[in-house]
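Chain by chain, the residues:
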Amino acid sequence: MPTDIKSLTRDELEAQFKSWKEPAYRVTQLLEWLYARRAANWDAMTNLPKPLLEKLQKNFSLHSLELVRKQGAQDTTQKFLWKLADGALIESVLIPANPALYGEASDRHTLCISTQVGCAYGCKFCASGLDGWKRNLAPDEIVEQVLAVERLMSSSGSSSSSKEKPITSTRTTTRAIDNVVVMGMGEPLANYEHLLKALTILNAPWGGGIGARKITISTSGLAPQIRRLATEPLQFRLAISLHGATDAVRNRIMPVNRKHSLKELVAACEYYQIQKGRMLTFEYILIAGVNDSVEQARPLAALAKKLFAKVNLIPYNKVEGLPWERPDEKVCEAFLRALEKQKVTATLRREKGHDIDAACGQLRLKTEKELVAAA
Ligand code: SF4
């Protein structure tokens, strides 16, 4: 299958157009169609000459994600299940304005995106890893999740807020997604090259125009890749899916910890902070009887203080077929208070995301099972 056009950077397109002896301004026009107008097919690009469109069609594909299912919870968190060109399924989750999450109070739409089909890391509580890893997403498949959600939002009229900001001063369309968290299906840093290319495209003024500080990359703890990320020029935010503040707890629920221990992870995070001078976030899913005791809050607070990290507490969303349970609300509140008492900046997610199979990977598994049953 030819490379999708949305997997190319501006420089790569310019080199291609140069070799075709096409003027550089045609690249600008093409990029405008792809990222400002979110064109889903070549025919829409009415100001590009036919011979150029023919060359583009012959050499590149232009895929849009096909919506298979959409679920929305009472709190308007929405989950999208997409079909890729090869039939594989991935998920994205749209989270409405929530100052307690990854950005400031002005954030309006955060999209959580996937980077792999399935996941090889097998965290014991996670639905995404249940069926193993199938493949990495290409850069265009990562980028397209933002564009596809925006297409749906604009067709349903939900992105017409007067506060919406223009992508650039010269563009007429607007960016509805202004915050991206790479925390969906897959371990982002295990698909490093494609991830970085996709985020470069989403960040570039000629592409998505989403500020690097509005993009959060989450990892389960790939220490060597964290060190590599620290040397990249772009200032993305980093979140660690910690879920345990001791090796004993992390070894129990996150096999990655056996390869990269907490000590190695912490050293990589310290290096990242020295290089970037940026605050980290710890994601901490509270699982009943595993990591939710007040005693566990102590080592977590110590780590958070050491790394100047803020902590996002997320009560576990039950996954069908897995034994783990969500703690009582009181337990979650007590855990939060224990962190606050130790002067750690922490938030507790109180939304009812579990109404929509919100645990990453659940909707995909459910749909795949239904498809098998119907076959
Ligand atoms: S939590 Fe993340 S890294 Fe762990 S299995 Fe799930 S998708 Fe993979």
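Residues numbered from 1 in each chain as written. Predicted model: local features only at pLDDT ≥ 70, side-chain atom pairs only at ≥ 80, totals over all residues. Heavy atoms only, no water.

Side note on the overall build of the protein chain
Working step 1: The secondary structure content of the protein chain amounts to 12 helices and 12 strands.
Working step 2: When contacts within the protein chain are restricted to residue pairs at least 6 apart in sequence, long-range pairs at least 24 apart make up 68% of them.
Working step 3: For the protein chain, the accessible surface area stands at approximately 16100 Å², while carbon and sulfur atoms represent 53% of it. (Helix = DSSP H or I, 4+ residues; strand = E, 2+ residues; numbered from the N terminus. Contact = heavy atoms within 4.5 Å. Areas by Shrake-Rupley, 256 points an atom, 1.4 Å probe, with all protein chains shown as cover.)

Here's the deal with the sheet that holds strand 9 (residues 237-241)
Working step 1: Taken in spatial order, the 10 strands of this open sheet run 1-2-3-4-7-8-9-10-11-12, and their pairing is mixed. A strand with exactly one partner marks an edge of an open sheet, and here the two such strands are strand 1 (66-72) and strand 12 (346-348). Strand after strand, the sheet turns through a mean of 20° between neighbouring axes, direction not considered.
Working step 2: Across 3 bridges, the pairing between strand 4 (residues 109-112) and strand 7 (residues 179-182) is parallel. The residue bridging Leu-111 from the neighbouring strand is Val-180, located in strand 7. (Pairing = 2+ DSSP bridges. Axes fitted to C-alpha atoms, helices over the stretch in contact; angles between N-to-C directions.)

Description of unusual backbone geometry
Working step 1: Even without glycine at this site, Arg-38 takes up a positive phi of about 55°.
Working step 2: Within the secondary structure, Arg-38 sits in the loop between helix 2 (25-36) and helix 3 (50-59).
Working step 3: For Arg-38, a relative accessible area of 10% corresponds to the buried category.
Working step 4: The phi dihedral of His-243 is positive, around 60°, even though this residue is not glycine.
Working step 5: Along the chain, His-243 turns up in the loop between strand 9 and helix 7 (247-253).
Working step 6: With a relative accessible area of 4%, His-243 lands in the buried category. (Buried < 20%, exposed > 50% of the residue type's maximum accessible area, 1.4 Å probe, protein only.)

Re the pairing of strand 2 (residues 78-83)
Working step 1: The pairing of strand 1 with strand 2 spans 6 bridges and is classified as antiparallel. Pairing of Leu-67 across the sheet is with Trp-82, part of strand 2.
Working step 2: Between the end of strand 2 and the start of strand 3 (residues 89-96), which pair antiparallel, lie 5 residues, with Gly-87 showing a positive phi angle near 90°.

Observations regarding the confidence of the model for the protein chain
Working step 1: Summing up the model confidence of the protein chain, the mean pLDDT is 89 and the portion of residues at 70 or higher is 86%.
Working step 2: In the predicted structure, residues 160-172 sits below a pLDDT of 50 and forms 28 contacts with residues beyond four places in sequence or in another chain. (pLDDT = per-residue confidence, 0-100.)

A word on the environment of Arg-10
Working step 1: Structurally, Arg-10 can be placed in helix 1 (residues 10-19).
Working step 2: The spatial distance from the C-alpha of Arg-10 to the C-alpha of Thr-28 is 8.5 Å, given a sequence separation of 18 residues.
Working step 3: Other than its neighbours up to four places away in sequence, Arg-10 contacts Val-27, Thr-28, Leu-31 and Trp-206.

Comments concerning helix 4 (residues 139-156)
Working step 1: Along its 18 residues, helix 4 runs 27 Å from first to last C-alpha, staying within 8% of the 26 Å computed at 1.5 Å per residue.
Working step 2: At Gln-145, helix 4 is bent by approximately 30°, the largest bend along its length.
Working step 3: In terms of burial, helix 4 is largely enclosed, as 14 of its 18 residues are buried. (Expected span 1.5 Å × (residues − 1). Bend = angle between axes of the 7 residues up to and from the residue.)

Thoughts on the packing of aromatic side chains
Working step 1: A complete count under the given rule lists 5 aromatic pairs for this structure.
Working step 2: Measuring from centroid to centroid gives 6.4 Å for Trp-20 and Phe-60, while their planes differ by 65°, and the two rings are edge-to-face. Linking Trp-20 in the loop between helix 1 and helix 2 with Phe-60 in the loop between helix 3 and strand 1, this pair joins segments that are 40 residues apart in sequence.
Working step 3: Among the residues examined, Phe-60 registers a relative accessible area of 8% and is labelled buried.
Working step 4: Ring geometry for Phe-80 against Trp-82: centres 5.5 Å apart, planes inclined by 5°, an arrangement best described as stacked. Each of the two residues, Phe-80 as well as Trp-82, counts as buried.
Working step 5: Each member of the aromatic cluster is reached from another via a ring pair, and the members are Phe-17, Trp-20 and Phe-60.
Working step 6: The lysine or arginine in question, Arg-37, covers the ring of Trp-33, its NZ or CZ lying 4.9 Å from the ring centre. (Phe/Tyr/Trp six-rings, centres within 6.5 Å; stacked < 30°, edge-to-face > 60°. Lys NZ or Arg CZ within 6 Å of the ring centre and 35° of its normal.)

What to know about the site of the ligand
Working step 1: Looking at the ligand, the residues that line it are Cys-119, Tyr-121, Gly-122, Cys-123, Cys-126, Ser-128, Gly-186 and Ser-220.
Working step 2: Residues belonging to the shell around the ligand are distributed by class as follows: 4 nonpolar, 4 polar and no charged. (Near = heavy atom within 4 Å. Nonpolar A, V, L, I, M, F, W, Y, C, P; charged D, E, K, R; others polar.)

Topic: the pairing of strand 4
Working step 1: In strand 4, alternate side chains face the same way, and those of His-109 and Leu-111 on one face and Thr-110 and Cys-112 on the other are all buried.
Working step 2: By the bridge criterion, 4 bridges tie strand 3 to strand 4 in an arrangement that is antiparallel. The residue of strand 4 that forms the bridge with Val-93 is Cys-112.

As for the nonpolar core
Working step 1: Leu-30, Met-45, Leu-56, Phe-125, Phe-282, Val-311 and Leu-339 are the most contacted members of the largest nonpolar core, which has 109 residues in total.
Working step 2: Not counting residues within four places of it along the chain, the set of residues in contact with Met-45 comprises Leu-30, Trp-33, Leu-34, Ala-39, Leu-53 and Leu-62. (Core = buried A, V, L, I, M, F, W, Y, C linked by side-chain atoms within 4.5 Å.)

Overview of the pattern of salt bridges
Working step 1: All chains considered together, the criterion is met by 14 salt bridges.
Working step 2: The closest approach of N and O atoms between Lys-6 and Glu-144, which form a salt bridge, is 2.5 Å. A residue pair is termed long-range when its members are at least 10 positions apart, and Lys-6 in the segment before helix 1 and Glu-144 in helix 4 qualify at 138 residues.
Working step 3: The class for Glu-144 is buried, based on a relative accessible area of 1%.
Working step 4: Salt bridges sharing partners connect three or more residues here, namely Lys-6, Glu-144 and Arg-151. (Salt bridge = Lys/Arg side-chain N within 4 Å of Asp/Glu carboxyl O.)

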